[in-house]
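The primary structure of each chain is shown beneath.
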Amino acid sequence: MKRMRGGYGPRKWSVALLRIFLFLSIFLPGFSLHAEEAPYLSTLLLRANQMELWKDPYWHTLLHYKKGIFGLRSLIDDPRFFLAPSGKSDPKAELEATLRGFFSAEEDETQHPVCRFVARHHWLSEKLEIDPSKLPVPECRRFAEIMDQIKPASITLIFPAAHINSPASMFGHTMLTVDTASKSRLLAYAINYSAVTRETFGPVFAIKGLFGFYPGYFSILPYYAKLQEYSDVDHRDIWEYPLNLNTDEIKRLLMHTSEMDKIYSDYYFFDENCSYDLLFLLDAARPSTHLTDEMGSWVIPVDTIRKVKENGLVTGTIYRPSRASKIKYLASLLSGGDGKTALAVARGEKEPDSILGEDLDSRRKILISDLAGEYLQYQYSKKKIELSGFQERFWKILRVRSSLGGTGEDHQVPPPDPPDTGHLSDRFRLGVGVRDGRLFEEIAFRPAYHDLLDDDRGYVEGAQIVFADIALRYYSSDHRLLLQKLDIIDIISVSPRDAFFDPYSWKITTGLLRRTGNDDDDHLVYEVTPGGGVSYKLSGKSMVYVFGETGLLLGGGLDENYAVGIGASAGLLTSLTLDWKIHLLGRGMFYNLGDRHNAWEVGLHQNFALTTNTSLRLELGFSRTHGYERPEAGLYWNIYF
Amino acid sequence: MKKVVYVLSVVLMTVALSGVVWAVDPKNTGCGLGSIVWEGHNGLLSQTFAATTNGTFGNQTFGITSGTSNCEQYKTFTYNEKVDTFVADNMDNLARDIARGQGEYLNTLALLMDVPSTQKAAFGSHLQAHFSDIYTSDKVTHSEVVKNILAVTTTL
């Protein structure tokens, strides 16, 4: 079943109608959920009252109650999730309504509160020692059947890493899998929380996502379906973290998952997102954990993995390379000539059968046909080949491969550094420097996430994702404290092209920066700069890039307070050692609209990682704007936390 | 006039630059080779979150429910419904594993077909040796593949 994006107006109306209905149900006899209270219900209500059960943290976990500005509120927005009209903000009323619900005369067992809220029923039964024989529906048989079918054996936290060139996946994603007794990872059930939308126009999607305009739902699919999506189509490496949840904990996790069936919460990209809502399932599994309380206001998926790890739930790390990673690895095992043969076969320039005729040993023939097959699948996933062409060529390649026999090597791609071992997401930086002969001290903070010079271990090389990087500068010579910059968004994706992959590189920068104006003074200017280009690897650790850029400037030091221009930038990124990275860059912009002027800059930036979470950075730069020159040098100390 | 041309060219260039990260809308294909579950969207920013949902346990029998709805199923071996679904949903990767005589998809097939673990390796190389009998043409459908696998494994 595919859900379409829910309209907002109708939902609000349905909420209102439901409230009216619930309100009426209290007063109209025969319409009531609790026409006359069973004596046993009164006993339970009394017992719950005496124990003040609604104050129990676990009740708050199951109902997703969190403290907000207006007191306690559930993060769930679907009215179907609450049995009390005031349930969203009243844990006590909801608990009482839940107990009453257990005595409901609902005939359809699957719709009975005992079945709809399995985890609540289980927990309250335990706490209040409810005698099941006194309930109209003693237990949810359907849930028992599901457990029996699944035979859950363990839970694994799954992290599809960032996608090399896609801003949507820039922070990665998390899901859980329920591993069955069958021991095939492919047949595990993947529990996923995501916004449901058919919106494909990026900007609209981004804005709506920021402000919670999409409903988020939990879903379950076979893990192989998610692997196709992430690994085969999106080409994202996947990290699996097996968890040490025991049988009871797994059962609680699944009970709460079943409660969340078809229940929506408004989805927010930055806090109530895929990774955050998943943590409720873990909190529900293990009542002693409070992962949902430990996250800040900005939930980055990899940080949730770190938190889960800190709480002692993780028992290992497993790497599952994407198809793109497999192709790169296979290509690295072959000499250039063999790689070209594989490419020619995959592209249809050479018949697959010709591999058999090559004067090569069978190991190399196997590698060539394996690489050709993987690369053809890659091309198909990128829509670079039509279905019928793919089928014919793929079939021929596999036929050749099968005739070569032998299971050959297993092509185990060596795992890179796991994402949770990289530097932490927030960065604080202190620096001193000289700009145009004047001394300054700088203090800066960045909540997310990684720039081109930060240590790449655990991150995607060449991918910069920076949000809300703010820097203040104090010039001691004239005792002035200035906002030096506020990078609202600063994303750069440098994706090298090679014989197999031909991605474009791109960038988008927007924010405030201090810039030399036409009066030879530095002014705060708002800048938007998108750019696109290409990049190539020179050797193992070096790459060069070239971008075409456009730029819009608004603010001080400009005639008419604006300028529009085009230009270009280029750079070289290299690592001298694992810890020492260098970025050499140059940029020229030609503004022909508004304030007509040219702006040039060159820079040599170096980063030296002292530890995983500290680094030293030396930035040398020279700019010439409106003809005014500004040399600058700065030494910075970065702390990641 | 010059200004207008300039603004237009800057706008065009900006659009072209941002078009770099735009991509095509995926669609579903058939149930033979090349039938990928195209769940992901490659539009700017929409990738991670543009998901469809099958509910949680609401309509799950095994959970393998995707992919086969538009495809005919091979009815004779009803006890192998899971095999049928798995093969349909993983045509390409399974074909690749069978051609190689090993791999995760092949192992899962063996598991679903109750192949004893001692015979797994033999099962793999047997299917590999009979690749052309299983994948008889490039237009082979998943139900033919299931039928052919069952046929060649009777001689195992």
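Look above for the structure.
Keep in mind it's a predicted model, so treat the numbers as computed, not measured. (Residues numbered from 1 in each chain as written. Chains lettered and ligands numbered in written order. Predicted model: local features only at pLDDT ≥ 70, side-chain atom pairs only at ≥ 80, totals over all residues. Heavy atoms only, no water.)

Caption draft 1: Spatial organisation of the side chain of D237(A). Residue and element names in this part refer to chain A. As for its position among the elements, D237 is in the loop between α9 (223–233) and β7 (238–242). Here D237 occupies a buried position and makes no salt bridge, while the nearest side chain of opposite charge, K328, is found at 8.0 Å. Filtering out sequence-adjacent residues up to four positions away, D237 remains in contact with F159, P160, A161, Y319, R320, P321, S322 and S325. (Helix = DSSP H or I, 4+ residues; strand = E, 2+ residues; numbered from the N terminus. Buried < 20%, exposed > 50% of the residue type's maximum accessible area, 1.4 Å probe, protein only. Lys, Arg positive; Asp, Glu negative; His and termini not counted. Salt bridge = Lys/Arg side-chain N within 4 Å of Asp/Glu carboxyl O. Contact = heavy atoms within 4.5 Å.)

Caption draft 2: Up close: the pairing of strand β18 (residues 562–575) of chain A. Residue and element names in this part refer to chain A. Bridging between strand β17 (residues 542–555) and β18 involves 13 bridges; their strand directions are antiparallel. Across the sheet, G551 pairs through a bridge with G565, a residue of β18. Linking two consecutive strands that pair antiparallel, namely β18 and strand β19 (residues 580–594), is a turn of four residues. (Pairing = 2+ DSSP bridges.)

Caption draft 3: How the structure looks around the state of the cysteines. Residues and elements named next belong to chain A. A complete count under the given rule lists one disulfide over all chains for this structure. Disulfide partner of C115: C140, at an S-S distance of 1.9 Å. As the torsion about the S-S bond is roughly 90 degrees, the C115-C140 disulfide counts as right-handed. In this pair, C115 sits in helix α5 (residues 113–116) while C140 sits in the loop between α6 (118–128) and α7 (141–150), placing the two residues 25 residues apart along the sequence. With respect to burial, C115 and C140 carry one shared label: buried. (Disulfide = S-S within 2.5 Å.)

Caption draft 4: Geometry of the packing of aromatic side chains. Residue and element names in this part refer to chain A. Scanning the model with the defined rule gives 24 aromatic pairs over all chains in all. Summarising the aromatic geometry, the rings of Y545 and F547 are spaced 5.2 Å apart at their centres and angled 45 degrees between planes, so their arrangement reads as tilted. Comparing Y545 with F547 shows no difference in burial state: the two are buried. Among the aromatic side chains, those forming a connected cluster through ring pairs are Y375, Y378, F500 and F501. The ring of F81 has R120 sitting right over it, with the charged end atom 4.8 Å from the ring centre. Positioned above the aromatic ring of F501, the side-chain terminus of K328 is 5.1 Å from the ring centre. (Phe/Tyr/Trp six-rings, centres within 6.5 Å; stacked < 30°, edge-to-face > 60°. Lys NZ or Arg CZ within 6 Å of the ring centre and 35° of its normal.)

Caption draft 5: Looking closely at the pattern of salt bridges. Residue and element names in this part refer to chain A. Under the counting rule described, the total for this entry stands at 57 salt bridges over all chains. Ionic pairing is found between R435 and D522, a salt bridge with its closest N-O pair at 2.8 Å. With R435 in strand β10 (residues 427–435) and D522 in strand β16 (residues 522–539), this residue pair connects regions lying 87 residues apart in the sequence. The pair formed by R435 and D522 is uniform in burial state, with each residue classed as buried. With a shortest N-O distance of 3.8 Å, K485 and D487 are connected by a salt bridge. Overall, the relative accessible area of 23% leaves K485 in the partly exposed class. Accessibility expressed as a relative area gives 11% for D487, which makes it buried. Where salt bridges share partners, they join R429, R435, D436, E442, R473, D520, D522, E619, R630 and E632 into one cluster.

Caption draft 6: Summary view of the side chain of N607(A). Residues and elements named next belong to chain A. Its location among the elements puts N607 in strand β20 (residues 597–611). A polar side-chain atom of N607 sits 3.2 Å from the main-chain carbonyl oxygen of L453. What N607 contacts, discounting residues up to four positions off in sequence, is L453, D454, D455, D579, W580, K581, S615, L616, R617 and N638. (Polar contact = N/O pair within 3.5 Å; in protein donor to acceptor, adjacent residues only side chain to side chain.)

Caption draft 7: How the structure looks around the nonpolar core. Grouped together as the largest cluster of nonpolar side chains are 93 residues, with contacts concentrated most on L99(A), L124(A), L176(A), L243(A) and L253(A). Top contributing element to this core by residue count: helix α11 (residues 274–285) of chain A, with nine residues. (Core = buried A, V, L, I, M, F, W, Y, C linked by side-chain atoms within 4.5 Å.)

By themselves, these figures tell us nothing about what the structure is for.
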